[in-house]
Amino acid sequence: METEIQISPLGENVDIKTLFSSFRETLDQHYDRKERIIKQSRDITGLSKKLIFLAHRATQKSLNSILEEAETKKKEILKLFQQVSCELEGLNYYRYHKSISPAIQEYIEAISFLEYLEHNRLISKDSVDSNFKDRSDKQFLQVLDEDYILGIADLTGELMRYAINCVGKGDHDCALQVCQFLRSLMINYDLLKVPGKSPLSRKLEGMKSNLAKVEEACYALTIRGSEYPKEFYQHIVSEHAKHCDSMEVDE
């Protein structure tokens, strides 16, 4: 005799095997959806990293050519975002936000770096949101303030590398400009009340480290540069940057 369980206020009896089959189907759908979102997130993250790598070539090629190539790559990334957005409609966005958040942050890091290279300014939240609108101006993917703040925090690492590369190329004014930008950014982040175990808390340490590296490079050129040829310090700073990058990769 099969066990039955009463789950309805009307008193209907439902076979327990049928009930658990329904639960299993729901869970399978949940995990399948999550896996699809994670895969898309990884693909988007990988393409965003390539976009950042392209932006760093601005010290070697003309900025206009970099920006033109970047627009093509951005369209490719946004196409993937639009595809995955159908999995994130309604309450599903908050249910699966952790799965797509790394991709959103990485993309924000990339476009904010391009914004700085082109206009020497911080990209606004509204400008970020405009990336996720379709041709009818409808927002197909929501960007939380949390994603924006975390993505901009990661920007400081790219600006640190950019400043060091500028030093290596002899563009000292650019390095000083980046240093001032990072300082103003750090001042604003210091105003935030950040819980000790939050993702931003960990990134704040990285932001401070990135600023310190740029300040150290600018100090070497501005204060110590009068004692020795600047080329000497350019070499030291470049070697120091390579050492720091290798340590970050190991971590």
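For the structure itself, look to the data block above.
Residues numbered from 1 in each chain as written. Predicted model: local features only at pLDDT ≥ 70, side-chain atom pairs only at ≥ 80, totals over all residues. Heavy atoms only, no water.

## Focus on the overall build of the protein chain
Okay, so step 1: Along the backbone of the protein chain there are nine helices and two strands.
Okay, so step 2: The N-to-C order of helical and strand elements in the protein chain reads β-β-α-α-α-α-α-α-α-α-α.
Okay, so step 3: Each of the 251 residues in the protein chain was classed as buried or not, and the buried ones make up 42%.
Okay, so step 4: Pairs at least 24 residues apart make up 68% of the contacts formed inside the protein chain by residues separated by at least 6 positions.
Okay, so step 5: Only carbon and sulfur atoms are counted for the fraction: they give 51% of the accessible area of the protein chain, which is about 15,100 Å². (Helix = DSSP H or I, 4+ residues; strand = E, 2+ residues; numbered from the N terminus. Buried < 20%, exposed > 50% of the residue type's maximum accessible area, 1.4 Å probe, protein only. Contact = heavy atoms within 4.5 Å. Areas by Shrake-Rupley, 256 points an atom, 1.4 Å probe, with all protein chains shown as cover.)

## Structural notes on the nonpolar core
Okay, so step 1: Phe-81, Phe-132 and Tyr-189 are the most contacted members of the largest nonpolar core, which has 66 residues in total.
Okay, so step 2: Among the elements of the structure, α1 (16-56), α2 (63-85), α4 (97-119), α6 (145-168), α7 (172-190) and α8 (199-222) are those that each provide at least two residues to this core.
Okay, so step 3: Ranked by the residues each element gives to this core, the list is headed by α6, at twelve residues.
Okay, so step 4: In terms of domain composition, this core takes at least three residues from each of domain 1 (17-143) and domain 2 (144-251).
Okay, so step 5: In this structure Phe-81 touches Ile-44, Ile-100, Ala-103, Ile-104, Tyr-107, Phe-132, Phe-140 and Leu-141, once residues within four positions along its chain are discounted. (Core = buried A, V, L, I, M, F, W, Y, C linked by side-chain atoms within 4.5 Å. Domains from an automatic or database assignment.)

## With respect to the packing of aromatic side chains
Geometry of an aromatic ring pair is reported as the spacing of the ring centres plus the angle between the planes.
Okay, so step 1: One pass over the full model with this rule turns up seven aromatic pairs.
Okay, so step 2: Plain terms: the ring middles of Tyr-116 and Phe-181 are 4.9 Å apart, the flat faces sit at 55 degrees to each other, and that makes the pair tilted. Of this pair, Tyr-116 sits in helix α4 while Phe-181 sits in helix α7, and the two are 65 residues apart along the sequence.
Okay, so step 3: On the basis of relative accessibility, which here comes to 1%, the residue Tyr-116 falls in the buried class.
Okay, so step 4: Considering the side-chain rings of Phe-132 and Phe-140, the 6.1 Å spacing of their centres and the 70 degrees angle between planes classify their relative orientation as edge-to-face. For the pair shown, Phe-132 and Phe-140 are each scored as buried.
Okay, so step 5: Taken together, the aromatic side chains of Phe-81, Tyr-107, Phe-132 and Phe-140 make up a single cluster linked through ring pairs. (Phe/Tyr/Trp six-rings, centres within 6.5 Å; stacked < 30°, edge-to-face > 60°.)

## Comments concerning the environment of Arg-42
Okay, so step 1: As for its position among the elements, Arg-42 is in helix α1.
Okay, so step 2: According to the relative accessible area criterion, Arg-42 is exposed, its value standing at 63%.
Okay, so step 3: Taking the C-alpha atoms as reference points, Arg-42 and Pro-102, 60 residues apart in sequence, are found 8.3 Å from one another.

## Topic: the pattern of salt bridges
Okay, so step 1: Inspection of every chain in the model, using the stated rule, returns twelve salt bridges.
Okay, so step 2: Between Arg-121 and Glu-115 there is a salt bridge, with the nearest N and O atoms lying 2.7 Å from each other.
Okay, so step 3: We classify Arg-121 as partly exposed; its relative accessible area is 44%.
Okay, so step 4: For Glu-115, a relative accessible area of 14% translates into the label buried.
Okay, so step 5: Residues Arg-183 and Glu-215 are paired through a salt bridge, measuring 2.9 Å at the closest nitrogen-oxygen approach. Of the two residues, Arg-183 sits in helix α7 while Glu-215 sits in helix α8, which places them 32 residues apart along the sequence.
Okay, so step 6: On the basis of relative accessibility, which here comes to 35%, the residue Arg-183 falls in the partly exposed class.
Okay, so step 7: Given a relative accessible area of 28%, Glu-215 falls into the partly exposed group.
Okay, so step 8: It is possible to trace a salt-bridge network through shared partners that takes in Lys-125, Asp-129 and Asp-145. (Salt bridge = Lys/Arg side-chain N within 4 Å of Asp/Glu carboxyl O.)

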